[in-house]
Amino acid sequence: MMQIDDNLDPLSQQNNLDEDDNAAIESDSSKVDEEESPLLLALDDLESRVVSSLNEFKSHPGRASNPSVSNIHDELAAILRPAVEVACHAGPSTARALAANYPHLLSLDLCVDEIYTSVNSKLILPVILESAQSDVVPAKRAASLALFHTLHVEWQKAGSYLDTTTNAPSLAGPYGPGISAGSSISAPPFSAVAAAQRAQIRAMRKAELLRRWVQAAIPNLAPGTFTSATSDASAASRGVLSASASLKPCLRYMAERIGSADDAGALRLFLPVMRMIEGVLGRLFLERARGGGLVQNEMAGNDKAADAMRASCIKFLEIVVLCFSNRALPGASAAGSQAALRMQKKDGRAFANDFSLEDLPTGHPIITREGLEEIGEYCFSTLRGLVLMGGQAAIDPNLLLAAAASSSVGSNFMGGSSPLTQILDILKPAALAFLKIESAAEKAGAESGEKGSFTIDRSNIELDFGLSQKSYSLSINAVQMLATKRPVFFKDSSTCLARRTIDPPGGKLGDADGSLTKAAVTGIRTHLRSSCLTLLRNFLSVTSGSWEVLANALNESGMKAQADRALQSSRQQLNLMKGGRAARNRAAIFYEWDTSADDSRAAKRQRDTDDAEARVRAAKMARGLGSGIQLPTSMVDACELVLLNLENLPPKRPPVASSAQRKHPIDLDFVMDAVITNGASLSIDENHWYDRDGGDAWMTEEGEVGEDGRRALTFTMNSKVLEAAKKNSEGAELGDSEKAFAEQSKLAASKAFSRVLMASSNAHSEAVADFGKQLAARLAWTLKGVKPSSEIEKANEMAVEATENSLQRNPDSEEALAGSLEFALDYPLVSSCLAFDLVPKIAQPRDDAGNVDKASSTSSLSMRILNEAYVCSLNENKENYEKALDVFVSSVVNACDLSNKMPSDNEKKRIANTAASSLPHQLAAAPSVTRTSLSLVGSLCDIDEISRKANAKSSKQTIAESAALHAAKTAAEKRATAALLILRDVAFQRDAMRGAAVDCAVAIAAGRMPGSPPIEDKALKLVMNVIFPKNSNCADKVVESATKELEFAAQYSIDNREKIAKANEANSKKKEKPRHGTKAALLPQSDEEKIALDRVRKPVVLFMALCVRRPEIIKAIMEMSCREGADVLAKAVKTNMPKLTKAASVKHGAANIALRVANMAGERETPLLLSFLDNLAPATDKSLPSQELIDACHDIQKKRLDEDGKPDSRYIIPVVSGMKREQLVDKLPEFVRGSDDIFKASLRRMAERLGRYILLFRDEPDPTESTLRGMSSCEQMVYLHRLDFHAVGIPQKRYLDVIRLCLEDDEVFNDRVVQAALDHMSGKFLEGESLPLAYMRTIILTCSKHESLHSWICHVLLPRLVEGSVYTDKRQWEGWMRCAKMLENTRDHGVSSLEAIQKLPEEQLKMYRAKYPQK
């Protein structure tokens, strides 16, 4: 991390920087590097978001992480939401932004196509399709299928790929922000060729989405998708729902293709759609023949899964019938079927989403109306059978098996070539099974002699499956809906529902019927009666003649009164339709007969309003009052236009505020003024002298004719006006008329200035615009204290507000910004000019491509103002330039803040992006910059708020809103990057301000100035990889600034020490067990300390990165961290010390940097020096410390003696793992003399790389040469016992204490380590070596601590010691007896030392029993 190397970052591209500090700035700082295209960078960002979302989705286990909060489907939808945002809104928005910011490099069509292809075609759609087809988790399949529907809906929203809301052709789809044709945003020019090309691309994208959608649904409809019947039914249900949602869009697209004579394109989608329909029908009718999921679920008692599957299939049947039938009744009169169509058209949205065979063009050889209509009729017959029979009548098993075999192999069993044949093979048997029963029942009813009788013997009818209450209700609703939406089915639907109402489920008593409970039977009977009543109210019941059967059914159900009222209502409705307008007016009913024009009254009223506005506009233009009349450039044409408009002048004067009459007659001048001012001169306020007779202030005197024949003209000021002007300028006391003159002079100046400014901003000529800006800049500085007019008042308000916000945001620059605020109030016209381009305007000049014209940095109005101020500051008012610059930069920052607060406002986003992209040019062209202005530029990096909003996941946000937030975040990050580039340019090209620019960049990198983490990272790279290596002067400035930031961090740590200490103390009381260890000591102990550590960590990391390149400044960080009270800073330094030591050792060598740092550190910095040395040889390294580093640590130890003048062992602890064991044995007394912490640390570092040898005492491979390094835990215990403490001057108490410390540290010296050490020493005892002094004491302590070793001690160790004649050593013999006594009476635990005691020689046994008699 210390290297901060990232060659891919734009800030670290050194080839973009000139080595000359005074080199001229690039002509376009937003120019794209050849190696890094902005389109590729944008694609990388979008793809990273999509890949992250898809990876999380693919790795999801398929179970809800928190079922109490959200189910699995909501959780998966939330995971896929970022991918949807990019696919639908963020992608097109990014393409439009790239084309707008780089118009000479990237075209809009190119950006849209590249982003769509890379993100949608190659990434999102294939991955989601694969997941929907083959994922092993049903919930993830369902989420993938639902995503296709979401994409289809979102793509049709404003600004997306299939935008259906925009009327402007050139801005439709992803090529515009989703505006209507009447919007104030003007549409760019658009050719017919481009329109055709875009329409073709739109059709291809739509086809791709629909085709993948259908392909995703088909595998889920196949039988046996999952081995579990429940999972199989669940996946199939989701597949049927997906098929239901995709059918109408697919049919509409096929109709569009056929209408465009693209038969092949329609057929490519038609074939998979037919396969999809076949799959759904197979799931409904062929499950019994296949033995599929429905049958298995029913046999297993899981009726819920079977019913959900069946219900979705019935709903799909309804949609198929609706799409494969005609809206109008064939051969019906206008009062019949056409009236029904008009009623449907009243609901415009439902009518637009409908599809029928009338919408399908004719002429396709395979996709024919007749074939689809046949499917629709069979589906309708099947639905009627489900309602009338309460289930599916049994189908011939042979036909079922043949249809199932045909469906499974993908070809029909009868050898037909039409893709419709397989569907008919499934539908026909199901429909004919019902029609056979229906025909028999009608025949039986006719034989009974009763009119309309329908007799079914249900006891002899076998059903393949019965309907539950849910499926039954859906079937009834489907039949009723088809009757109202499709008049051709009205009579059959009415007859079906009436017959079932007469013979309902449950018989006359309404008892339970099959799988239907009594409550379900009651609900179905009520549903049937209400459906009959609804159909009877429809006028089609009268025209079709089905009212009789409906009324009869209701009469038999006891609803005669309701039936009579419903029949009366339907007849009245039909009579009104057939009657005249008077009859309809009497009934207070509006009925629209005309269907050839607009379909709604609202459209007619809107048309009338538009016509009225057009008439008013035409009248104004005729009188010269509209915005459409402008004087031609030719004087002849202008005069002709004026003369033509004379006859259109009103006969009377327009009313004015004053009753006084005008002095000027209606002459040619009067008319010219009216035309030029667009009518403004016709309503002049007589109270304003500058409007009324301002020209009279100047007097013209004619001289005599000269020799050249010309008469000299002299202009003189009116004496009264001149006198009033002099008094006003001298500050003399003014009379009432003179005060009015002074006020109106300012008002006149304000309006004149506004006209100049507006004319220059709207001028099409670049020369005229530039001249107007020069004039406005000079006038703005001249007219001090003049208030702006209403046209530019918003700009002044924004400038003042921006300066106030900057004052609150930058307390360090309070004095300078307070003066800038006062300046903005004293020079309102100047502040208005500075913020003029940053406020939304009614119209913006656009170029031929439809883009907003961008003035060059040197000719912009703000730059004219600043240049004028700089020229004036050379003589007087030197502070005005600096204040104006601060107001200008504050306005730019405020515009960017407004864009972040309102991410959906495209106009504010455009203004912010334009201002931020032009700011580097303008500041580069500015005569000078100030420290305050650079600080304001740095505030552009404060994008935390928009970043939090974009990263927050909220279910309340729509996908478009979330995409707008991400787009706003991306734009804000680009503006922040532009701010960093400004600081870079100032640091390189302005020597006087280099320190200020570096201070600002370092403050952002250190986190003192607010910025998001990615921007802080970029600032760090800017400082370390760009500015620091530029030259020595830049490097010195960076070090100086980083030192300041470290000073701030140290002072912050000192100021908050008491607060953090109290929080840590309060937090420690809540914890039961404090944490120990080196790493635990560096962790924050409270929330307050955590916040403080995060605050000081960034300047520490920055300064450490500089320490790698300049090791001499390590002394500074050590001194500041060791100040009294700077505990948090010291902890932050120690936490990040591994990064510093690793980078420094690689660059300078571990031994070299260790000696250099040791020479820098004083006594007070010893803790940090020890931390530095400790991290130079971390335990995580696989290699041992080098011999050079070991020698360096020994040199440091010799130079840095302790208080007693002896070598301090702490300096060699970091390298003990690399020292030879023989040397460590010699150094062991030094560690024992030290404190307990030093002793434990030395033991830990000795064994840190010997984990595999922890239980071994290693022998030297070559006894004559010492090669073993480090010391294992077993070896440490052995050598501690063998230590001759008398010879090295260590007290016996300390000797025994360090052994006790080891035994107490059972995490390192566990029972197995202790056993290995004792076993090794006892083995050496048998070989003739004497036992160490503390040996038996250690055994006794082990018996007390490790019960697991009792058995080994009793049966192995004690007998071994007896074998070695331990009783010959009085001290060891005493210890042996005490140990044996401790374990003698533990027989209850299965362990006893009695066996070892009995092995004693007779004399020693008597001695033992004498001292410890047997009980």
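Since the model is a prediction, treat every value here as computed from it, not as a measurement.

Rules used throughout
- Residues numbered from 1 in each chain as written.
- Predicted model: local features only at pLDDT ≥ 70, side-chain atom pairs only at ≥ 80, totals over all residues.
- Heavy atoms only, no water.
- Helix = DSSP H or I, 4+ residues; strand = E, 2+ residues; numbered from the N terminus.
- Buried < 20%, exposed > 50% of the residue type's maximum accessible area, 1.4 Å probe, protein only.
- Contact = heavy atoms within 4.5 Å.
- Areas by Shrake-Rupley, 256 points an atom, 1.4 Å probe, with all protein chains shown as cover.
- Patch = residues over 30% accessible without salt bridge, like charges linked within 9 Å, V, L, I, M, F, W, Y side chains within 5 Å.
- Salt bridge = Lys/Arg side-chain N within 4 Å of Asp/Glu carboxyl O.
- Lys, Arg positive; Asp, Glu negative; His and termini not counted.
- Charge placed at Lys NZ, Arg CZ, Asp CG, Glu CD.
- pLDDT = per-residue confidence, 0-100.
- Arc of directions from axis to C-beta.
- Core = buried A, V, L, I, M, F, W, Y, C linked by side-chain atoms within 4.5 Å.
- Axes fitted to C-alpha atoms, helices over the stretch in contact; angles between N-to-C directions.
- Left-handed = near helix turned anticlockwise from the far one by under 90°.
- Nonpolar A, V, L, I, M, F, W, Y, C, P; charged D, E, K, R; others polar.
- Phe/Tyr/Trp six-rings, centres within 6.5 Å; stacked < 30°, edge-to-face > 60°.
- Lys NZ or Arg CZ within 6 Å of the ring centre and 35° of its normal.
- Expected span 1.5 Å × (residues − 1).
- Parallel < 35°, antiparallel > 145°, perpendicular 65-115°, else oblique.
- Polar contact = N/O pair within 3.5 Å; in protein donor to acceptor, adjacent residues only side chain to side chain.
- Disulfide = S-S within 2.5 Å.

## Remarks on the overall build of the protein
For the protein, the count of helices and strands is 59 helices and four strands. The buried share of the protein, taken over its 1415 residues, is 48%. Put simply, of all contacts in the protein between residues at least 6 apart along the chain, 71% involve residues at least 24 apart. By element, 51% of the accessible surface of the protein is carried by carbon and sulfur atoms, the whole surface being about 68400 Å².

## Looking at unusual backbone geometry
At Ala-261, a position not held by glycine, the phi torsion is positive, near 65°. With relative accessibility at 66%, the residue Ala-261 sits in the exposed group. Positive phi, normally seen in glycine, also occurs at Ser-1365, with a value near 60°. Inspection of the secondary structure puts Ser-1365 in the loop between helix 56 (1350–1363) and helix 57 (1370–1384).

## Things to note about a negative patch on the surface
Taken together, Glu-793, Glu-797, Glu-801 and Glu-804 make up a surface patch of like negative charges. Turning to its location among the elements, Glu-801 is positioned in helix 30 (residues 793–809).

## What about the confidence of the model for the protein?
Note that predicted coordinates carrying low pLDDT should not be read in detail. The predicted model of the protein averages 79 in pLDDT, with 79% of residues at 70 or higher. Note on residues 345–351: pLDDT is under 50 here. Beyond four places in sequence and across chains, it has five contacts. Confidence drops under a pLDDT of 50 for residues 656–662, and excluding neighbours within four residues, the segment shows 13 contacts in the predicted structure.

## Some details on the side chain of Ser-244
Along the chain, the position of Ser-244 falls in helix 6 (residues 229–259). By relative accessible area, which is 13% here, Ser-244 ends up buried. Beyond its immediate chain neighbours, meaning those up to four positions away, Ser-244 contacts Ser-312, Phe-316 and Ile-319.

## Section: the environment of Asn-900
Structurally, Asn-900 is set in helix 34 (residues 878–901). A C-alpha to C-alpha distance of 5.9 Å links Asn-900 and Ile-946, two positions 46 residues apart in sequence. When neighbours within four sequence positions are excluded, Asn-900 is seen to be in contact with Ile-943, Ile-946, Ala-968, Ala-972 and Arg-975.

## Concerning helix 37 (residues 944–951)
An α-helical segment advances 3.6 residues per turn. Residues three or four places apart therefore align on the same side. For helix 37, the full list of buried residues reads Ile-946, Ser-947 and Ala-950. All buried residues of helix 37 fall inside an arc of 100° around its axis, so they share one side. Turning to helix 37, the residues buried within the fold contact helix 34 and helix 38 (959–989).

## Some words on the environment of Ala-824
In this structure, Ala-824 sits in helix 31 (residues 814–826). Along the chain, Ala-824 and Thr-803 lie 21 residues apart, while their C-alpha atoms are 8.1 Å from each other. If we skip the residues at most four places from it in the chain, Ala-824 touches Asn-796, Val-800, Ser-831 and Val-887.

## A word on the nonpolar core
Counting 209 residues, the largest nonpolar core has Ile-1117, Leu-1129, Ile-1339, Ile-1353, Leu-1361 and Trp-1376 as the members making the most contacts within it. Residues contacting Trp-1376, with those up to four places away along its chain left out, are Met-1336, Leu-1358, Leu-1361, Val-1362, Val-1366, Ala-1396, Ile-1397 and Leu-1400. Judged by nonpolar contacts, the second largest core, of 150 residues, contains Leu-98, Leu-147, Phe-355 and Ala-430.

## A look at the environment of Ser-1330
Here Ser-1330 shows up in the loop between helix 54 (1311–1326) and helix 55 (1335–1345). For the pair formed by Ser-1330 and Asp-1369, sequence separation is 39 residues and the distance between their alpha carbons is 9.1 Å.

## Structural notes on the packing of helix 2 (residues 72–101) against helix 4 (residues 138–155)
Look at helix 2 against helix 4: their axes get within 10 Å of each other, and the N-to-C directions meet at 35°. Between helix 2 and helix 4 lies a crossing whose hand is right-handed. Contact residues: helix 2 offers Ile-72, His-73, Leu-76, Leu-80, Val-84, Ala-87, Cys-88 and His-89, while helix 4 offers Ala-139, Lys-140, Ala-142, Ala-143, Leu-147, Thr-150, Leu-151, Glu-154 and Trp-155. Considering only residue class, the contact of helix 2 with helix 4 consists of twelve nonpolar, three polar and two charged.

## Things to note about the pattern of salt bridges
Side chains that differ in sign of charge can pair as their charged atoms come close. Per the counting criterion, the structure on display carries 57 salt bridges. For the salt bridge of Arg-49 with Glu-85, the shortest nitrogen-to-oxygen distance reads 3.4 Å. With Arg-49 in helix 1 (residues 38–58) and Glu-85 in helix 2, this residue pair connects regions lying 36 residues apart in the sequence. Each of the two residues, Arg-49 as well as Glu-85, counts as buried. Glu-208 is paired through a salt bridge with Arg-212; the nearest N and O atoms lie 3.5 Å apart.

## Considerations on the packing of aromatic side chains
Applying the stated rule across the entire model yields 13 aromatic pairs. Seen from their ring centres, Phe-823 and Tyr-827 are 5.1 Å apart, and the 35° between their planes marks the pair as tilted. Neither residue differs from the other here; Phe-823 and Tyr-827 are each classed as buried. Aromatic rings pair up to connect Tyr-116, Trp-155 and Tyr-161 into one cluster. One Lys or Arg, Lys-140, reaches over the ring of Phe-57 and ends 5.7 Å from the middle of that ring. Across from the ring centre of Tyr-116, 4.8 Å away, lies the NZ or CZ of Arg-205, which sits over that ring.

## Notes on helix 31
With 13 residues, helix 31 should reach 18 Å at 1.5 Å per residue; the first-to-last C-alpha distance of 18 Å fits that figure. For helix 31, the set of buried residues is Leu-817, Gly-819, Ser-820, Leu-821, Phe-823 and Ala-824. On its buried side, helix 31 packs onto helix 29 (766–782), helix 30, helix 32 (828–834), helix 34 and helix 36 (931–938).

## Remarks on the packing of helix 55 against helix 56
For the pair helix 55 and helix 56, interaxial distance at closest approach is 11 Å and the crossing angle is 160°. Between helix 55 and helix 56, the interaxial angle falls into the category roughly antiparallel. The two elements helix 55 and helix 56 cross, and the hand of that crossing is left-handed. Two secondary-structure elements touch here, helix 55 through Tyr-1335, Met-1336, Ile-1339, Thr-1342 and Cys-1343 and helix 56 through His-1350, Ile-1353, Leu-1357 and Leu-1361.

## Examining the side chain of Asn-913
Here Asn-913 shows up in helix 35 (residues 906–925). Polar contacts involving the side chain of Asn-913 include one to the side chain of Arg-975, which spans 2.9 Å. Leaving out residues up to four positions away in the same chain, Asn-913 has contacts with Asn-101, Ala-971 and Arg-975.

## Some points on the state of the cysteines
By the definition in use, this model includes zero disulfides. For Cys-1354, which is in no disulfide, the shortest distance to another cysteine sulfur is to Cys-1343 and amounts to 7.1 Å. Judged by its relative accessible area of 0%, Cys-1354 falls in the buried class.

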